[in-house]
Amino acid sequence: MLLQRITTALILAAVAITAIFTLPIMYFYPFIGVIVLIAAWEWTGLSSINSVTGKVLFLLSLILPMLFIAFWTYILEFLSVLLEWPAIKDYSGILEWLVIGPVIFWVMMMLLIRKAPEELLALELKTRYKVFIGWFVLFAAWMFIVKLRAFYGPGAVMYFLILIWAADIAAYFSGKKFGVDKLAPLVSPGKTVQGMYGAMGAALVCGIVLALYYGYPIMIATDFIMLSLLTVLVSIYGDLFFSLVKRKNNVKDSGTILPGHGGVLDRIDSVIAAAPFYYAGVILIGRGVFS
């Protein structure tokens, strides 16, 4: 099982790295979009959408705004000419405000899972609320990953994924070797505090290596190390959030498409939560950090 898991992970990593560094940005949009749409299909199974029509409509609710975001510079330029609006030069400024909502959501989820897991497990949401939550987190993850690549380059996306991968690997092996204290036993009995410490240690190492590689001044280096630590912390609770959803649905995995990993949603749950937080942190640190 471990060998199958490692093999699948290596293939997925190779595909992701190739896409990050070789695909033009307008092809990178649909590449990430397809991954998110597969995860969205799996989410419909966790949110009581049983009909094919309902599932297709949910996918369309993601595809249409994805298309708008992909072409919004052209749309806004067309509207500025048609309606005689002032030309908008910095489109990224709008995203700097949009990122606030997902960041608040994931920080709130982190606190609730930590402080009130029983209440979350007992909470019964109507289907429309579960659908909206899935739409919100999946669309936000797609938008901030593709815009991270568009505005900050392949290096920013690559570091983000290395950070999540390193933390995941460190958490797995440190939890297996030293795990004693349960992190969130009601939500995910397999995760331990020691595993979390391993993930945070990996984040610290990644932050230091990045700072040394780019030769950052001490203040920027400190900021990036802190961002790396907080991003990994959010990613851990993103994983726990989806574990909670699966536990409420009495399923172990969101799907079976990936051998050894379950579904796509099982593989990218940490990334979904961490992407908006990481994007917001890069904005605060400064646009030139990966140049």
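Look up: the structure comes first, before these words.
Calculation notes
The residue count restarts for each chain, going from 1 along the sequence in the order it is written. Where totals are concerned, whole chains, interfaces and linings use all residues; where local detail is concerned, this predicted model gives features only for residues with pLDDT of at least 70, and gives and counts side-chain atom pairs only at 80 or more. With hydrogens and water set aside, each side-chain value is computed from the structure's full complement of heavy atoms. Each helix corresponds to a stretch of at least 4 residues labelled H or I by DSSP, and each strand to a stretch of at least 2 residues labelled E; elements are numbered beginning at the N terminus. When accessible area is computed with a 1.4 Å probe and restricted to protein chains, residues below 20% of their type maximum are described as buried, those above 50% as exposed, and intermediate ones as partly exposed. By the counting rule applied here, Lys and Arg register as positive and Asp and Glu as negative, while His and the ends of each chain are not counted. We define a salt bridge as a contact between a side-chain nitrogen of Lys or Arg and a carboxyl oxygen of Asp or Glu at a distance within 4 Å. Polar contact is the term for a pair of N or O atoms within 3.5 Å; when the atoms are in protein, one must be able to donate a hydrogen and the other to accept it, and sequence-neighboring residues count only if both atoms are side-chain atoms. Here, two residues are considered to be in contact whenever any of their heavy atoms come within 4.5 Å of each other. Expected helix span is computed as 1.5 Å times (number of residues minus one). The directions from the helix axis to the C-beta atoms are what the arc is built from.

1. Considerations on the side chain of E42
Then step 1. Tracing the chain through its elements places E42 in helix α2 (residues 25-46).
Then step 2. No salt bridge is formed by the buried E42; its nearest oppositely charged neighbour, K246, is found at 8.5 Å.
Then step 3. In terms of polar contacts, E42 uses its side chain to reach the backbone amide nitrogen of V264, at 2.9 Å.
Then step 4. Those residues within four positions of E42 in sequence are excluded, and the remaining contacts are S254, G255, I257, G263, V264 and L265.

2. Some remarks on unusual backbone geometry
Then step 1. The backbone phi angle of S48 is positive, close to 65°, even though this residue is not glycine.
Then step 2. Along the chain, the position of S48 falls in the loop between α2 and α3 (52-82).
Then step 3. Judged by relative accessible area, which is 38%, S48 ranks as partly exposed.
Then step 4. You will see that N250, though not glycine, has its phi angle at about 55°, which is positive.
Then step 5. Here N250 is to be found in the loop between α10 (218-248) and α11 (264-285).

3. Concerning helix α5 (residues 100-115)
Then step 1. The end-to-end C-alpha distance of α5 is 22 Å, a good match for the 22 Å that 16 residues give at a rise of 1.5 Å each.
Then step 2. Of the residues making up α5, those classed as buried are P102, V103, F105, W106, M109, M110 and I113. Down the axis of α5, the sector holding all buried residues measures 160°, keeping them to one side.

Bear in mind that shape data such as this cannot, by itself, settle questions of function.
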